[in-house]
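Take a look at the letters that make up each chain.
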Amino acid sequence: MNERAVIQLSGVEKWFQSGVERLQVLAGVELTVESGTSTAITGESGCGKTTLLNIIGGLEFPSAGSAVSAGYRLDALAEDELTEYRQHVVGLVFQFHFLLKDFTALENVLLPAYMAGVGREAAEVRAGELLREVGLGERLQHFPHQLSGGERQRVAVARALINDPSIMLADEPTGNLDEDNSELVADTLFALVRSRNTTLVMVTHNRELAARGDRLLRLEHGVLNRI
Ligand SMILES: Nc1ncnc2c1ncn2[C@@H]1O[C@H](COP(=O)(O)OP(=O)(O)OP(=O)(O)O)[C@@H](O)[C@H]1O
Ligand SMILES: [Mg+2]
């Protein structure tokens, strides 16, 4: 294993079985990601990008191959390790923000810390700091429906970082936004991961966002290639 690698996938396959049909989505993915770097992944719709990120995020398991992330063997994790990995090691941002509609921005951001056992007060302080960092210091008590699309996505970025993950995974984080908001969310995302030296793996169709990564990969026919 590469000394500086934080994520190392080797021969990762993923297939979905329905009846006798087997849909092979990933067909031997090789991926080494070094700590503190940013990697952008593109590829046609349906090629398996979300499936790949879900495997790195511990949300799905590979059908074959080995997947190691931050020292965790994702292909063979015990239930308690999986919870720990999802709670403390990875932060996730999706195309849709998935904020809880009955909770304020502050509450949405503090919730993962609270769930991880941080006291309410400390979690609130930390969530407030993060929201100020993403430029939403004046929106702490706003509910999701009182925020713009770009603001909601910046809340989602803050929420993903509340437990100080060493790896940030973003699946088309600007997919639902117009150009100006895309840029703002991208600026926020990069500023935060750079200041924390967080490793970033993102899936995006947005060329400008992809170009900001340290490297760009394309998922095609179930394997990753350099562009
Ligand atoms: N749970 C599942 N069961 C069966 N098939 C699935 C499942 N999840 C994904 N697939 C199939 O796997 C393929 C890859 O899906 P995935 O969501 O990873 O694609 P994607 O590259 O993220 O596409 P998009 O750019 O549209 O988001 C698709 O053909 C999809 O239908
Ligand atoms: Mg997808």
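See above for the structure.
Bear in mind the structure is a predicted one, so any value in this text is a computation, not a measurement. (Residues numbered from 1 in each chain as written. Chains lettered and ligands numbered in written order. Predicted model: local features only at pLDDT ≥ 70, side-chain atom pairs only at ≥ 80, totals over all residues.)

> Go over the packing of helix 3 (residues 105–115) against helix 5 (residues 149–161) with me, naming the residues and quoting the values.
The contact between helix 3 and helix 5 brings their axes to 7 Å, and the two run at 25°. The angle between the axes of helix 3 and helix 5 places the two elements in the roughly parallel class. Handedness of the crossing formed by helix 3 with helix 5: right-handed. Here Ala-105, Asn-108, Val-109 and Pro-112 of helix 3 come into contact with helix 5, specifically with Val-155, Ala-158 and Arg-159. Here the residues of the contact of helix 3 with helix 5 sort into five nonpolar, one polar and one charged. (Axes fitted to C-alpha atoms, helices over the stretch in contact; angles between N-to-C directions. Helix = DSSP H or I, 4+ residues; strand = E, 2+ residues; numbered from the N terminus. Parallel < 35°, antiparallel > 145°, perpendicular 65-115°, else oblique. Left-handed = near helix turned anticlockwise from the far one by under 90°. Contact = placed C-beta atoms within 7 Å. Nonpolar A, V, L, I, M, F, W, Y, C, P; charged D, E, K, R; others polar.)

> I'd like a rundown of helix 4 (residues 120–133), residues and numbers included.
Two residues of an α-helix separated by three or four positions point the same way, owing to the 3.6 residues in each turn. Relative to the 20 Å expected for 14 residues at 1.5 Å per residue, helix 4 spans 20 Å between its end C-alpha atoms, a close match to the ideal helical length. Listed in full, the buried residues belonging to helix 4 are Ala-123, Ala-127, Leu-130 and Leu-131. Each buried residue of helix 4 lies within a common arc of 100° when the element is viewed along its axis, so the set occupies one face. In helix 4, the exposed positions that point more than 90 degrees away from the buried face belong to Glu-121 and Ala-122. Tucked into the core, helix 4 has its buried residues touching helix 3 and helix 5. Count one or two residues on from helix 4 and you reach Gly-135, which has phi positive near 85°. (Expected span 1.5 Å × (residues − 1). Buried ≥ 20, exposed ≤ 12 C-beta atoms within 10 Å, placed from the backbone. Arc of directions from axis to C-beta.)

> Just give me the short version of the nonpolar core, but keep the residues and values in it.
In this structure, Val-109, Leu-131, Val-157, Ala-158 and Leu-169 are the most contacted members of the largest nonpolar core, which totals 59 residues. No other element matches helix 5, which puts six residues into this core. Those residues within four positions of Val-109 in sequence are excluded, and the remaining contacts are Ala-127, Leu-130, Leu-131, Val-155, Ala-158, Arg-159 and Ile-162. (Core = buried A, V, L, I, M, F, W, Y, C linked by C-beta atoms within 7 Å.)

> Give a description of the sheet that holds strand 4 (residues 64–69) that names residues and reports values.
Reading across from one edge, 2-1-4-5 is the order of the four strands in this open sheet, with antiparallel pairing throughout. Taken across any chain shown, the strands that pair with only one partner, and hence form the sheet edges, are strand 2 (21–34) and strand 5 (72–73). Relative to strand 5, strand 4 is paired through two bridges, and the arrangement is antiparallel. Note that in strand 5 the partner of Val-68 across the bridge is Arg-73. (Pairing = 2+ DSSP bridges.)

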